[in-house]
Amino acid sequence: MAQPLAKKDDDRDDEAEYSPFTGIEKGAVLQEARVFNDPQLDPRRCSQVITKLLYLLNQGETFTKVEATEVFFAVTKLFQSKDIGLRRMVYLIIKELSPSADEVIIVTSSLMKDMNSKSDMYRANAIRVLCRITDGTLLTQIERYLKQAIVDKNPVVASAALVSGIHLLQTNPEIVKRWSNEVQEAVQSRAALVQFHALALLHQIRQNDRLAVSKLVTSLTRGTVRSPLAQCLLIRYTSQVIRESGQNTQTGERPFYDFLESCLRHKAEMVIFEAARAITELSGVTSRELTPAITVLQLFLSSSKPVLRFAAVRTLNKVAMTHPMAVTNCNIDMESLISDQNRSIATLAITTLLKTGNESSVDRLMKQITNFMSDIADEFKIVVVEAIRSLCLKFPLKYRTLMNFLSNILREEGGFEYKKAIVDSIVILIRDIPDAKESGLFHLCEFIEDCEFTYLSSQILHFLGNEGPKTSDPSKYIRYIYNRVILENATVRANAVSTLAKFGAVVDSLKPRIFVLLRRCLFDSDDEVRDRATLYLNTLGGDGSVGETDKDVKDFLFGSLDVPLANLETSLKNYEPSEEPFDIDAVPKEVKSQPLAEKKAPGKKPTGLDAPPIVPTSTIDAYEKLLSSIPEFSGFGQLFKSSAPVELTEPETEYSVNVVKHIYDENVVFQFNCTNTIPEQLLENVTVLMDATEAEEFSEVASKPLRSLPYDSPGQTFVAFEKPVGSPAVGKFSNMLKFIVKEVDTSTGEAEEDGVEDEYQLEDLEVVHADYMLKVGVSNFRNAWESMGPDNERVDEYGLGVRESLAEAVNAVINILGLQPCEGTEVVPSNSRSHSCLLSGVYIGNVKVLVRLSFGIDGPKQVAMKLAVRSEDQAVSDAIHEIIASG
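Residues numbered from 1 in each chain as written. Predicted model: local features only at pLDDT ≥ 70, side-chain atom pairs only at ≥ 80, totals over all residues. Heavy atoms only, no water.

## Thoughts on the overall build of the protein chain
Okay, step 1: A tally of helices and strands in the protein chain yields 36 helices and 17 strands.
Okay, step 2: Within the protein chain, the fraction of its 887 residues that count as buried is 47%.
Okay, step 3: Long-range pairs, those at least 24 residues apart, make up 64% of the contacts in the protein chain with a sequence separation of at least 6.
Okay, step 4: As presented, the protein chain carries roughly 44,600 Å² of accessible surface, and 50% of it is formed by carbon and sulfur atoms. (Helix = DSSP H or I, 4+ residues; strand = E, 2+ residues; numbered from the N terminus. Buried < 20%, exposed > 50% of the residue type's maximum accessible area, 1.4 Å probe, protein only. Contact = heavy atoms within 4.5 Å. Areas by Shrake-Rupley, 256 points an atom, 1.4 Å probe, with all protein chains shown as cover.)

## Description of the nonpolar core
Okay, step 1: Phe36, Ile50, Ile94, Leu354, Met373, Leu406 and Leu500 are the most contacted members of the largest nonpolar core, which totals 188 residues.
Okay, step 2: Look past the residues within four positions of isoleucine 50 in its chain and what remains in contact with it is Phe36, Leu78, Leu86, Met89, Val90 and Ile93.
Okay, step 3: In terms of nonpolar packing, the next biggest core, distinct from the first, is built from 65 residues, Phe721, Phe739, Ile814 and Val876 among them. (Core = buried A, V, L, I, M, F, W, Y, C linked by side-chain atoms within 4.5 Å.)

## Examining helix α15 (residues 269-280)
Note that an α-helix has 3.6 residues per turn; residues three or four places apart therefore point the same way.
Okay, step 1: The terminal C-alpha atoms of α15 lie 17 Å apart, and with twelve residues this matches the ideal 16 Å at 1.5 Å per residue to within 8%.
Okay, step 2: Among the twelve residues of α15, nine are classified as buried, and the element is accordingly described as predominantly covered. (Expected span 1.5 Å × (residues − 1).)

## Some thoughts on the packing of helix α11 (residues 192-206) against helix α13 (residues 228-245)
Okay, step 1: Two elements in contact, α11 and α13, have axes separated by 8 Å at closest approach and are oriented at 25°. Taken together, the axes of α11 and α13 lie roughly parallel to each other. Contacts from Leu193, Gln195, Phe196, Leu199, Ala200 and His203 in α11 reach Leu229, Ala230, Leu233, Leu234, Tyr237 and Gln240 in α13.
Okay, step 2: Tallied by class, residues from the contact of α11 with α13 come to nine nonpolar, three polar and no charged. (Axes fitted to C-alpha atoms, helices over the stretch in contact; angles between N-to-C directions. Parallel < 35°, antiparallel > 145°, perpendicular 65-115°, else oblique. Nonpolar A, V, L, I, M, F, W, Y, C, P; charged D, E, K, R; others polar.)

## Some points on α13
Okay, step 1: The first and last C-alpha atoms of α13 sit 25 Å apart over 18 residues, in line with the 26 Å expected at 1.5 Å per residue.
Okay, step 2: Taken together, the buried positions of α13 are Ala230, Gln231, Cys232, Leu233, Leu234, Ile235, Tyr237, Thr238, Ser239, Gln240, Val241 and Ile242.
Okay, step 3: The inward-facing, buried residues of α13 abut α11, α12 (210-220), α14 (257-263) and α15.
Okay, step 4: The backbone nitrogen of leucine 229 has a side-chain oxygen 3.3 Å away, supplied by the residue at the start of α13, namely serine 227. (Polar contact = N/O pair within 3.5 Å; in protein donor to acceptor, adjacent residues only side chain to side chain.)

## Focus on the environment of valine 423
Okay, step 1: Relative to the helices and strands, valine 423 is located in helix α24 (residues 416-432).
Okay, step 2: For valine 423, the residues in contact, after removing those within four places along its chain, are Leu410, Leu444, Phe447 and Ile460.

## Brief notes about the pattern of salt bridges
Okay, step 1: By the definition in use, this model includes 30 salt bridges.
Okay, step 2: Between glutamate 488 and arginine 484 there is a salt bridge whose closest N-O contact spans 2.9 Å.
Okay, step 3: Note on glutamate 488: relative accessible area 16%, which makes it buried.
Okay, step 4: Each of the salt bridges in this network shares a partner with another, and the network as a whole consists of Arg236, Glu274, Arg277 and Glu281. (Salt bridge = Lys/Arg side-chain N within 4 Å of Asp/Glu carboxyl O.)

## What about the packing of aromatic side chains?
Okay, step 1: As enumerated under the stated definition, the model contains 17 aromatic pairs in all.
Okay, step 2: When the ring of phenylalanine 416 is compared with that of tyrosine 455, the centres are 5.8 Å apart and the planes differ by 70°; the resulting orientation is edge-to-face. Taken together, the positions of phenylalanine 416 in helix α24 and tyrosine 455 in helix α26 (residues 454-467) put the pair 39 residues apart, joining distant regions of the chain.
Okay, step 3: On the basis of an interplanar angle of 65° and a centroid distance of 5.2 Å, the ring pair of tyrosine 655 and phenylalanine 739 is categorised as edge-to-face. With tyrosine 655 in strand β3 (residues 655-663) and phenylalanine 739 in strand β9 (residues 731-743), the pair connects residues that are 84 residues apart, well separated along the chain. For the pair tyrosine 655 and phenylalanine 739, one class covers both residues: buried.
Okay, step 4: Taken together through their ring pairs, the aromatic side chains of Phe633, Phe636, Tyr664 and Phe718 make up a single cluster.
Okay, step 5: Sitting above the plane of the tyrosine 145 ring, arginine 144 keeps its charged end 4.6 Å from the centroid.
Okay, step 6: Here the basic side chain of arginine 479 rests over the ring of tyrosine 480, its NZ or CZ set 4.3 Å away from the ring centre. (Phe/Tyr/Trp six-rings, centres within 6.5 Å; stacked < 30°, edge-to-face > 60°. Lys NZ or Arg CZ within 6 Å of the ring centre and 35° of its normal.)

## Considering a negative patch on the surface
Okay, step 1: A surface patch of like charges, here negative, comprises Glu680, Glu743, Asp745, Glu750, Glu752, Glu753 and Asp754.
Okay, step 2: The residue glutamate 750 is located in the loop between β9 and β10 (756-761) in this model.
Okay, step 3: A relative accessible area of 57% means that glutamate 750 is categorised as exposed. (Patch = residues over 30% accessible without salt bridge, like charges linked within 9 Å, V, L, I, M, F, W, Y side chains within 5 Å. Lys, Arg positive; Asp, Glu negative; His and termini not counted. Charge placed at Lys NZ, Arg CZ, Asp CG, Glu CD.)

## Some words on a nonpolar patch on the surface
Okay, step 1: There is a patch of nonpolar side chains on the surface, built from Leu193, Leu229 and Met270 and spanning about 250 Å² of accessible area.
Okay, step 2: Counting through the fold element by element, leucine 229 comes out in helix α13.
Okay, step 3: Using a relative accessible area of 33% as the deciding quantity, one classes leucine 229 as partly exposed.

## Description of the pairing of strand β17 (residues 862-871)
Okay, step 1: For β17, the buried fraction is high: seven of the ten residues fall into the buried class.
Okay, step 2: When strand β13 (residues 794-802) meets β17, the two strands line up antiparallel, connected through eight bridges. The partner of tyrosine 798 across the bridge, within β17, is methionine 865.
Okay, step 3: Inspection of the sheet shows strand β16 (residues 847-857) paired to β17 by nine bridges, in the antiparallel sense. Each residue of the ladder has a partner; that of arginine 852, found in β17, is alanine 868. (Pairing = 2+ DSSP bridges.)

## Some words on the packing of helix α16 (residues 287-301) against helix α17 (residues 306-322)
Okay, step 1: Two numbers describe how α16 lies on α17: the axes approach to 8 Å, and their chain directions differ by 140°. Overall, the two elements α16 and α17 adopt an arrangement that is oblique. Crossing of α16 over α17 shows left-handed handedness. Along its contact with α16, which presents Leu290, Ile294, Leu297, Phe300 and Leu301, the element α17 presents Leu308, Arg309, Ala312, Val313, Thr315, Leu316 and Val319.
Okay, step 2: Of the residues that constitute the contact of α16 with α17, the class distribution is ten nonpolar, one polar and one charged. (Left-handed = near helix turned anticlockwise from the far one by under 90°.)

## Considerations on unusual backbone geometry
Okay, step 1: With a phi angle near 50°, asparagine 685 is a residue other than glycine that sits in the positive phi range.
Okay, step 2: Residue position: asparagine 685 is located in strand β5 (residues 681-694).
Okay, step 3: For asparagine 685, a relative accessible area of 42% gives the class partly exposed.
Okay, step 4: The backbone of aspartate 712 sits at a positive phi, close to 65°, despite the residue not being glycine.
Okay, step 5: With respect to the helices and strands, aspartate 712 occurs in the loop between β7 (706-709) and β8 (715-722).

## Observations concerning the side chain of glutamine 671
Okay, step 1: By the element assignment, glutamine 671 lies in strand β4 (residues 667-676).
Okay, step 2: Polar side-chain contacts of glutamine 671 include one of 2.8 Å to the side chain of asparagine 673.

## Considerations on the confidence of the model for the protein chain
Do not read the predicted coordinates in detail wherever pLDDT is low.
Okay, step 1: For the protein chain, per-residue confidence averages 83 on the pLDDT scale, and 90% of positions sit at 70 or higher.
Okay, step 2: Looking over the protein chain, one finds the lowest element-wise mean pLDDT in helix α31 (residues 550-558), namely 64, and the highest in α15, namely 93.
Okay, step 3: Counting contacts from residues 1-16, a segment whose pLDDT is below 50, to residues more than four positions away or on other chains yields five contacts.
Okay, step 4: Taken as a whole, residues 591-617 scores under 50 in pLDDT and shows 49 contacts with residues more than four places along the chain or in a different chain. (pLDDT = per-residue confidence, 0-100.)

## Notes on the side chain of threonine 315
Okay, step 1: Secondary-structure assignment places threonine 315 in helix α17.
Okay, step 2: Among the polar contacts listed, one links the side chain of threonine 315 to the backbone oxygen of alanine 311, at a separation of 2.8 Å.
Okay, step 3: Every residue in contact with threonine 315, bar those within four places of it in the chain, is listed here: Phe273, Arg277, Thr280 and Leu297.

## Some details on the environment of serine 407
Okay, step 1: Among the secondary structure elements, serine 407 is positioned in helix α23 (residues 399-410).
Okay, step 2: For serine 407, a relative accessible area of 2% puts it in the buried group.
Okay, step 3: Spatially, the C-alpha atoms of serine 407 and glycine 440 are 8.4 Å apart, while their sequence positions differ by 33 residues.
Okay, step 4: Residues contacting serine 407, with those up to four places away along its chain left out, are His443 and Glu446.
Okay, step 5: Here the side chain of serine 407 touches histidine 443 through a polar contact of 3.0 Å, side chain to side chain.

Structure (structure tokens):
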């Protein structure tokens, strides 16, 4: 019996079988391309071969110069054919092959003939191809034809010329700018697409002239634009002008707002939505201005078109971040979208409701979301979880309902990122809502019983060790922790041992029980588990020896590791057993990614520290070894910090120079990494003359010239300055590269004996406050902050002036202070009106510093900041505030 043919849609997994291009190879297609040379051309077959060539090019297949040239010349013979379909394919392949300047001449005459053809299809395509492959010389020859095409009666030809102008503006702007009159005329066209392309090109021509753009918007907002596409563009350009002009300070009115509001009554849905979105994104938008936009978006929520529902709910979701009360009128409509077949729309509706809902609606929302969660993918679930976390922080009294919901979905099926988002949310709620600690920890303990992710189990155990001992009944968590020692893999077992030790260190009543459990761990099959158990028994005194003091134990178990793990590993590997114990204070506190930062010359293979190192070593070690080997600098003491390289020359100049700043307690050493990129020259006695006129606290004490700098071989010259002890001296230096230049015979490689003194001006160099700060993170900021204590704390508030956004203000402060952002707090959510940022580091003199920043931004974009600093020295806390006050 004959089997029925399977339809394409019957099995999506087999879709690849239906592709006509499956298995095609470049070599076979190039052989097929010989049909272009046949005396009797077969248009259908030629079109099929061109289609395959286009497929290969778009899949990233590269053609050699010879292959591309052969195909190009073969394709040019197809201009003989009068077949319209084949001619269109010829245009496409010529555009994709991008022939070189000497090859373009072959097709220029054919394309120019088509550009003046009576067939509009030929004219439009010929214009697009010519503008794609031509250079400036040929463009001036065809400019007259292009101007005529812009105002052509046929919209296809006019659009082709305008789109070509948009592309040409990137390479030949001066020529395209001469077409302004013709483009201005095309803006008045009745053809929708022509008006759209003409407006886009006219704006690009004038975009660097704010006054010209403002005049363009003013003239067009009077109602001369008919095309909905062009109207959408005009709305965007109007929004740009509004952002740049701001509000009228006397009347408080916003220019062009009336135009945006009038667009809300346009007959085209795309224009209505574009206007509504533009109004919601206005800087400092008021509730009165928002109301009409919210109203039309609310109508879109009940549209039969999924794209309109999605656009509306997505925009309302963004508005809810800054103006939640303005969106509350849409809540009933959005609740109906929770059951929408489009899961993206449903997810956005739920997250918006979670942002705009009140405390009384939380329980009802949770019931609706429970049924919804099983129907969506993990990526949408993560968005919902993050929204629930924000809602719980907004209404802390509802923590039981929300915590139970998070606990229930934590036990359901899901991937790693989804489970991690839930665990992170529970941890944040425990930290920020004290009443939620007991139930939250219990939910986490239940989860690790069945958790399949080693990382999450380890993170939960680490958190449990920090928070569990502080609860009213710590003993109830011991069973869950010890079960991990029995049932889990070695990594989790080792973390469980550490968690048990933390309970034993804090809760005296649990010590005997902890000792028994730790002794059982001594018989574990894994080395690390046994080593940890032995260490903690010794530390806590559970092996019969005298234990450490309570303070030492807690510092060891709960203190944050203030050195990078890579540096600690390197120092431990280099440590040789001796009577001197290992000193963790001697471990460098900063790691850089670019050793010595020698700039490579073009074409040169990496050498020295730029090449993959045979023995892994941290950059700070490499710098310290280099500097200590130079007698002039060997007495400067221990290196505190080495900066990232700072470029002092432009790219592609004859000499390439960058500088690394090495900071000591009493000195600063500038290491200039130099590269000679001229083969015909040898540089000798290379030095950098530094003028410290604008750096009065510095005085030069030593320098080390570079004896010889051959072509393409990096070298270093050094200059050292003295500064006040422990002081964060700042200043600007002007720099001049001085050397003796000798001519080199490139055939023999020998240099002339006599040279000429020469000099080369370098960019100015600054030493700033951030140079005296090491970026050192802490694993648990809250614990570190509490253990630091308020003794040396200083809190003050500052006005940061007008800023484009809150993110800009946060980044500016981080860069000025040079500290390490903690726990991802450097990332500012879009449209956020307030933000908190946590920073940590080490100040010169090895003084630990912790900083809490609280930012707020108002309507006119004025940013205020509260700065709280804790450190081991009051003078350092004051110095951090002085940096901000002076910056």
